[in-house]
Amino acid sequence: MTYHLIKADEARFICDPKQFSFETTGEVEELTRFIGQDRALEAVDFGVSIRSQGFNLFVVGPEGSGRHSVIQSFINRKAAEEPTPADRCYVENFEQPHHPLALDFPPEKGPIFRHEMHELIDTLKTTIPAMIEGENYQARKMAITDSLQQRIDKLYHEVEERAKEDNVAVIKTEQGILFTTRDEEGKPLNTEAFLKLPKQRRKKYEKLIEKYQVELQQAIHQISILKREAEENKRNLKKDTGRLAVTHLVNTLRKKYEGRDKVVGYLDQVENQIVEGVDDFLYHPDKEGPALFGLMGSAPSFKQYEVNVLVGRKKNGAPVVYEDLPTYQNLHGRIEHKAKMGVLSTHFTLIKGGSLHLANGGYIIIDVDRLLRQPFAYEGLKRTLRSKMIKIEPVERLLGLMSTTTLEPEPIELATKVVLIGSPLIYYLLNAYDPEFQSLFKVLADFEHAMDLDRESLTLYATLLATVAKENELLPLHRSAVAKVIEHAARQAGDYEKLSLHIREFLDLLQEANYLALKGEKRCVSGDEIETALEAARRRGGRIRDQLFESIAKGVRLIDTRGSVTGQVNGLSVIQLAGNSFGCPTRITALTRSGKGNVVDIEREVKLGGAIHSKGVMILESYLGARYARKIPLSLRASLVFEQSYGGVDGDSASCAELCVLVSSIAGVAINQSLAITGSMNQQGEVQAIGGVNEKIEGFFDLCDERGLTGEQGVIIPASNRRHLMLRKEVVEAIDKELFSVYTVEHVDDALELLTGLSAGSMDSGGNYPDDSINGMVEKALQGFAEDIANFDKQGDEDEDSNQ
């Protein structure tokens, strides 16, 4: 036989605490660089350094590998050396009020400009009324009024003088101006006296009165024109006075922001708007009537002169923003509304920036799975990256559900490096199904799951653990604790030549061990606390496992660990529940008889078997035909089943066990039930590596240990899984005492020999196997099945001929 018996020192990597030069990690300096992620960090450095469009990053790595903290820490250091981007503000666009203007200022200058505008308006609130109420303005206003009155009086006087020449009197009453004739003494005639005049004279005066009434109407029309001119002159006087007050103050700001054309242009608009709205600065609440439901008599708000500082920055480098909830509004900003009297209204001061505005000129980090779960967020981000402009608009408009007028703020140019973090599956799905993805996220940073285990890496890993403990304010780790954590990292990596880089898992372990050490009033965390924490975690997540093993112990689930049975073998499976995994033995049985050459996988037939499991069964079916029925039809009818399996079965790690149980049934050879087997096989019969080897071995060991170890029990595993062995301490001790065995095999013949105690047999020059070998027995049995089928078919033909 060519199997290998695993020794105790091969079953587990042991980290010797004495190899560390420190007593506790309190003596170790903190880590100054990231370990085990050189490839990913090279990609990150390239991605954040290149400024060409589309070179955004997609960080791929397992959950809990520290990818967030590594990326953020790396980018923070780089961003600290970069210039701080500009402050961003929105202001009123007085020419197009529904299109607010976007202004940018040097860092920390946006709030200053807001304060300057506030001071400008406050100053004008006192300056303009003072100038309007001043003697100069009042004198000029009075001059306009006097001039108007003089012109009005002149028009009336001219009409009166002409009427007097025609002996027509002009009488001013409360009802207006009346015309009548005069008597010989020059006194106006009343109506009765006027009617007594001779008819001819009366008609003459009637025509004259009609004439002067027309002239009076013309004069009144001319007076209305004069009044409008006077009012216009007063308004112009008020504007000119207001401009005198504004221009000097605004010129001070113009001079300060000289060279910033957009800011100067806005200040020009402000000056013109203040001059046009100078009456707002003359508001007197005591002169206004009472407000009706808040709709009348309200004071001017001056909001149009405010400055909405969308993003104000401190001079501390480029911004690095992590968006925890990447909704469309949180990324791109939103326009808020206020309700008043049942009416929604908005204003440019209600524009709120998003995380893209905060990160503009720097970096934004987003979890891609959270991004994809938010409506329109991913598509909106892509559109922004394509256009390189951040546009704030309501989601309702994207849906085509909004028809009302709202603000359309001026878009802001985007200069942000976007970093998406997600799983490999999401990356490859987006790459395959989104044609725009590759053009927008050209840099892949792929984080490693594990790092190589060597002398240098052990020292670095100890430094990493020391850094994690210090950053999280934990007790120092004794070197024995460091050794235990490293051993656990090797087990989690599934390879004794690797160390897992799942930092979060180890942080959880250290925090639990720290709690135990504090509870025991210790000054450092020792290896005992690490082992206790690991055992406690297994116990907390072990309820389902304990129930399964209890059902085996009570005979509810049938598993034999002694004796020999034909057509029955102990397979090994791994059950994973909420981050906890454990091995569980499973009985696999086979029944065979002569037939049409097919192997029935009961799991597949009832749709409990997955695609990979079905593939494994088809491989062993092909192996049977190619090896034992080369010259004859495979006249076999066989059935395979995982006994007492009530859930889905997938994976091909049981294909080697399934072949062995089929061979046992065909040849009529019993299989040793003290052994369990795991491993997949190919069409040449070579045994291939499988996953979860440690859990599978430990699962069968726990069952045997519960029933009592005899020294005959053990597990058969693929030889290629030898490097993955990292068994628990009690299993290693049992191996060392020869109470439990672990065998590695390279071919299914080796497994057959271990399970049956018989030679597998090699083919001779004539193409035959020895009769007393397992392979010879199988071949002979299959030949017998073929003869039975041939005889059955021949008998059927003879019966058919006799009936004819």
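Residues numbered from 1 in each chain as written. Predicted model: local features only at pLDDT ≥ 70, side-chain atom pairs only at ≥ 80, totals over all residues. Heavy atoms only, no water.

Caption draft 1: Region of the structure containing the pattern of salt bridges. The final tally for this structure, using the stated rule, is 34 salt bridges. Salt-bridge contacts for E531 lead to K484; the nearest nitrogen and oxygen are separated by 2.9 Å. Taken together, the positions of E531 in helix α18 (residues 527–540) and K484 in helix α16 (residues 479–493) put the pair 47 residues apart, joining distant regions of the chain. When salt bridges that share partners are traced, they join E379, K382, R386, D434 and E436 into one network. (Salt bridge = Lys/Arg side-chain N within 4 Å of Asp/Glu carboxyl O. Helix = DSSP H or I, 4+ residues; strand = E, 2+ residues; numbered from the N terminus.)

Caption draft 2: Representation of helix α4 (residues 135–165) within the structure. With 31 residues, α4 extends 44 Å between its outermost C-alpha atoms, agreeing within 8% with the 45 Å of an ideal straight helix rising 1.5 Å per residue. For α4, the full list of buried residues reads Y137, I144, L148, I152, L155, V159 and A163. Positive backbone phi, at 60 degrees, marks N167, one or two positions downstream of α4. (Expected span 1.5 Å × (residues − 1). Buried < 20%, exposed > 50% of the residue type's maximum accessible area, 1.4 Å probe, protein only.)

Caption draft 3: Up close: unusual backbone geometry. A positive phi angle, close to 60 degrees, is found at F302, a residue other than glycine. For F376, which is not glycine, the phi torsion reads 65 degrees and is therefore positive. Note on placement: F376 falls in the loop between α10 (368–373) and α11 (377–387). In this structure F376 comes out as partly exposed when scored by relative accessible area, which is 33%.

Caption draft 4: Highlighting helix α22 (residues 655–667). Under the 1.5 Å per step criterion, the end-to-end length of α22 is 18 Å for 13 residues, consistent within 8% with the ideal 18 Å. One or two positions beyond α22, positive phi appears at G668, with a value near 70 degrees.

Caption draft 5: Representation of the packing of α16 against helix α17 (residues 503–519). In the contact formed by α16 and α17, the axes pass within 11 Å of each other and the chain directions differ by 145 degrees. The handedness of the crossing between α16 and α17 is right-handed. Across from V485, H488, A489 and Q492 in α16, the residues of α17 making contact are E505, F506, L509 and L510. Its residues placed into classes, the contact of α16 with α17 shows five nonpolar, two polar and one charged. (Axes fitted to C-alpha atoms, helices over the stretch in contact; angles between N-to-C directions. Left-handed = near helix turned anticlockwise from the far one by under 90°. Contact = heavy atoms within 4.5 Å. Nonpolar A, V, L, I, M, F, W, Y, C, P; charged D, E, K, R; others polar.)

Caption draft 6: Expanded view of the packing of aromatic side chains. The tally for this structure, following the rule as stated, stands at 19 aromatic pairs. Taking the centre distance of 4.9 Å and the plane angle of 50 degrees together, the rings of F281 and F302 count as tilted. Separated by 21 residues along the polypeptide, F281 in the loop between α7 (261–276) and β7 (308–311) and F302 in the loop between α7 and β7 bring together distant segments of the chain. F302 carries the same exposure label as F281, and that label is buried. An aromatic cluster of at least three residues, connected via ring pairs, comprises F94, F105, F113, Y257, Y266, F281, F302 and Y305. (Phe/Tyr/Trp six-rings, centres within 6.5 Å; stacked < 30°, edge-to-face > 60°.)

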